[in-house]
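Structural features, examined
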Amino acid sequence: QVQLDESGGGLVQAGGSLRLSCAASASTYAMAWFRQAPGKEREFVAAISWSGTSTYYTDSVKGRFTISRDNAKNTVSLQMNSLNPEDTAVYYCAGGDQVIVAPATMADQREYDYWGQGTQVTVSS
């Protein structure tokens, strides 16, 4: 069982930036970030393949968020710029060992085996 530990959440003003990090106890093939806002279902944010050459983003964060990974350290990061109040949510790191690298599967939370506890991101207007 791979353990995932997120960090970097917090309170930021609209237009600001935050960087989320996720440390894994072992390597996983695909890694992703999902988020869940109050009263809403958990949704896909971004995903990255093992090599880092394939990345996927939900439309609302394209051009603002960047996912990256360091396989030597078993970490994945999410750089979030130009934050707005709609980005307020609990952000979850996820890892999967058998995720097919394609847009539909990388964005499907059912494909991921391991989940972190989540980190709160709050963007004030």
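Whatever comes next refers back to the structure up there.
Overview of the structure. All values reported here derive from a predicted model rather than from experimental measurement.

When helices and strands are counted, the protein shows 1 helix and 11 strands. The order of α-helices and β-strands along the protein, N terminus first, is β-β-β-β-β-β-β-β-β-α-β-β. Computed over C-alpha atoms, the radius of gyration of the protein comes to 13 Å, within 12% of the 14 Å expected from 2.2 N^0.38 for 125 residues, which places it in the range of a compact globule. Residue burial in the protein is summarised as follows: out of 125 residues, 44% are buried.

Turning next to the packing of aromatic side chains. The full count for this structure, using the stated rule, is 4 aromatic pairs. Taken together, a centroid distance of 5.6 Å and an interplanar angle of 75 degrees make the contact between phenylalanine 34 and tyrosine 112 edge-to-face. Note that phenylalanine 34 is positioned in strand E4 (residues 30-36) and tyrosine 112 in the loop between helix H1 (103-106) and strand E10 (114-115), a separation of 78 residues in sequence. Accessibility classification places phenylalanine 34 together with tyrosine 112 in one group, the buried group. Residues tyrosine 112 and tryptophan 115 carry aromatic rings whose centres are separated by 6.5 Å and whose planes lie at 70 degrees to one another, so their mutual orientation is edge-to-face. Owing to a relative accessible area of 5%, tyrosine 112 belongs among the buried residues under this scheme. The exposure class assigned to tryptophan 115 is partly exposed, which follows from its relative accessible area of 24%. Here the aromatic cluster, defined as three or more aromatic residues joined through ring pairs, consists of Phe34, Phe44, Tyr112 and Trp115. Directly above the aromatic system of tyrosine 92 lies the positively charged group of arginine 42, at a separation of 5.3 Å from the ring centroid.

A few words on the sheet that holds strand E1 (residues 4-7). Reading across from one edge, E1-E3-E8-E7 is the order of the 4 strands in this open sheet, with antiparallel pairing throughout. The outermost strands of the open sheet, each flanked by one partner alone, are E1 and strand E7 (65-70). The mean angle between the axes of side-by-side strands here comes to 15 degrees, regardless of whether they run parallel or antiparallel. Here 6 bridges tie strand E3 (residues 18-24) to strand E8 (residues 75-80), and the two strands are oriented antiparallel to one another. Opposite cysteine 22, over in E8, you have valine 76 as the bridge partner.

This part covers the pairing of E1. Side chains Leu4 and Glu6 of E1 all project onto a buried face; the interleaved residues Asp5 and Ser7 project onto a face where none is buried. Two strands pair when backbone bridges link them, and E1 and E3 are joined in this way by 4 bridges, in the antiparallel orientation. Its bridge partner being in E3, leucine 4 is matched across the sheet by alanine 24.

What follows covers the state of the cysteines. Applying the stated criterion across every chain, the model contains 1 disulfide. At a sulfur-sulfur separation of 2.1 Å, the disulfide partner of cysteine 22 is cysteine 93. Handedness of the cysteine 22-cysteine 93 disulfide follows from its S-S torsion of about -80 degrees: it is left-handed. Of this pair, cysteine 22 sits in strand E3 while cysteine 93 sits in strand E9 (residues 89-96); the two residues are 71 residues apart in sequence, bridging distant segments of the chain.

On to the pairing of E4. Counting buried positions along E4 gives 6 out of 7 residues, so the element sits mostly inside the fold. Pairing of E4 with E9, which is carried by 7 bridges, proceeds in the antiparallel orientation. Bridge assignment links alanine 32 to a residue of E9, and that residue is alanine 94.

Rules used throughout
- Residues numbered from 1 in each chain as written.
- Predicted model: local features only at pLDDT ≥ 70, side-chain atom pairs only at ≥ 80, totals over all residues.
- Heavy atoms only, no water.
- Helix = DSSP H or I, 4+ residues; strand = E, 2+ residues; numbered from the N terminus.
- Rg over C-alpha atoms; globule rule 2.2 N^0.38 Å.
- Buried < 20%, exposed > 50% of the residue type's maximum accessible area, 1.4 Å probe, protein only.
- Phe/Tyr/Trp six-rings, centres within 6.5 Å; stacked < 30°, edge-to-face > 60°.
- Lys NZ or Arg CZ within 6 Å of the ring centre and 35° of its normal.
- Pairing = 2+ DSSP bridges.
- Axes fitted to C-alpha atoms, helices over the stretch in contact; angles between N-to-C directions.
- Disulfide = S-S within 2.5 Å.

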